[in-house]
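Working through the structure, step by step
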Amino acid sequence: MALPGERTPGAGWDAELYDRAAAFVWQHGSDLIDLLAPQPGERVLDLGCGTGHLTAELAARGASVVGLDNDPAMIEQARLSYPALEFVHGDAASFRLAEPFDAVFSNAALHWVTRAAEAAACIAAALRPGGRFVAELGGKGNVQAIASALTAALAEAGYPLAPERFPWYFPSIGEYAALLEAHGLEPVYAALFNRPTRLEGGEAGLRTWLALFAGRFFEVVPDEVHVEVVRLLEERLRPQLFRDGVWFADYRRLRILAVKRANG
Ligand SMILES: C[S@@+](CC[C@H](N)C(=O)[O-])C[C@H]1O[C@@H](n2cnc3c(N)ncnc32)[C@H](O)[C@@H]1O
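Residues numbered from 1 in each chain as written. Predicted model: local features only at pLDDT ≥ 70, side-chain atom pairs only at ≥ 80, totals over all residues. Heavy atoms only, no water.

Attention now goes to the environment of valine 66. On the secondary structure map, valine 66 appears in strand E2 (residues 64-69). Its relative accessible area of 6% is what places valine 66 among the buried residues. Non-local contacts of valine 66, meaning those with residues more than four positions away in its chain, are made with Val44, Leu45, Asp46, Thr55, Glu86, Val88 and Phe101. (Helix = DSSP H or I, 4+ residues; strand = E, 2+ residues; numbered from the N terminus. Buried < 20%, exposed > 50% of the residue type's maximum accessible area, 1.4 Å probe, protein only. Contact = heavy atoms within 4.5 Å.)

So this is what it looks like as structure tokens:
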């Protein structure tokens, strides 16, 4: 398990730690595939596919899949785990793929893409008319307790977070639906819901989550301050987020299904 202060190297993802400690991400995403209801032979793009576990589930349901991610370590890990599947390196906000898709699927990735309008344009361009876009991402209010405590602790330590370092885009239903509509994608279903999420690792659960997902907050913070901020966070969040030996992240998720307009 991660130690206090262990961090994701550079701006990239720690694919090995992700596979070891973040199974909850793709396990929660599994029933998103039911919302997509892929038909045998359909071409499906898994956008922000990470280490490829849901890409493989889509393939097991008979879809012809391509996984796309902009992190080289995640793509490499996906190729190692699922050598028969196609994974490509690309950015959700600028990719172009030659053949149109019947569906674009995305789990727990699009809140990392702050260029959300560009991503919506790419998704629309990737779909055939009538094609579906099915996604889950952090929605408005996602990890609010963790993010507020982290922002406050960093400011107190003398390292206030510059707004451009906030790594996430957590839209409301209204905001995201309007964005999709503006790009020719018609939302036909949307839900915003709380999902307190059990973190792996017992006592180390919160610090492991921070190491996996919150590296950006600590990029300019010296190691000793980083360790102290993590300790403070654990102390302050324990009454709210730690129960019976388990940390829970205060996730709030947005699920959406949209269809590309025929004249879009
Ligand atoms: C939490 S992981 C989810 C991975 C996978 N969908 C799953 O359910 O396990 C988020 C993924 O989004 C990817 N990602 C973040 N920003 C991206 C971007 N701009 N373009 C493509 N992928 C991106 C990351 O590299 C990471 O693999």
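Attention now goes to the side chain of threonine 197. Mapping threonine 197 onto the fold places it in strand E6 (residues 185-198). A polar contact is formed between the side chain of threonine 197 and the backbone oxygen of arginine 195, at a distance of 2.7 Å. (Polar contact = N/O pair within 3.5 Å; in protein donor to acceptor, adjacent residues only side chain to side chain.)

Here the focus is the side chain of arginine 253. Mapped onto the secondary structure, arginine 253 falls in strand E8 (residues 246-260). Judged by its relative accessible area of 4%, arginine 253 is buried. A polar contact is formed between the side chain of arginine 253 and the side chain of asparagine 142, at a distance of 3.5 Å. Among residues more than four places away in sequence, those in contact with arginine 253 are Ala108, His111, Glu136, Leu137, Gly138, Gly139, Asn142, Ala191, Leu192, Phe193 and Arg195.

Bringing the site of the ligand into the picture now. Around the ligand, a shell composed of 21 residues is seen, among which Tyr18, Gly48, Asp69, Ala92 and Asn107 lie nearest. Side-chain polar atom of aspartate 69 to an oxygen atom of the ligand: 2.6 Å apart, as the coordinates give it. In this structure, a nitrogen atom belonging to the ligand sits 3.0 Å away from a side-chain N or O atom of aspartate 91. In the complex, the protein chains occlude 96% of the 590 Å² of accessible area that the ligand would expose alone. Of the residues contributing to the shell around the ligand, the split by class is 13 nonpolar, 5 polar and 3 charged. (Near = heavy atom within 4 Å. Areas by Shrake-Rupley, 256 points an atom, 1.4 Å probe, with all protein chains shown as cover. Nonpolar A, V, L, I, M, F, W, Y, C, P; charged D, E, K, R; others polar.)

Let us now look at the confidence of the model for the protein chain. Mean pLDDT over the protein chain works out to 94, with 95% of the residues at or above the 70 mark. A low-confidence stretch, residues 1-10 stays under pLDDT 50, and its non-local contacts, those more than four residues away or across chains, total 31 contacts. (pLDDT = per-residue confidence, 0-100.)

This brings us to unusual backbone geometry. One non-glycine residue, alanine 37, lies in positive phi territory at about 50°. Locating alanine 37 in the fold gives a position in the loop between helix H3 (32-36) and strand E1 (43-47). Of the residues examined, alanine 37 reaches a relative accessible area of 34% and is grouped as partly exposed. The phi dihedral of valine 143 falls on the positive side, at around 40°, and the residue is not glycine. One can find valine 143 in the loop between strand E5 (127-138) and helix H7 (144-156).

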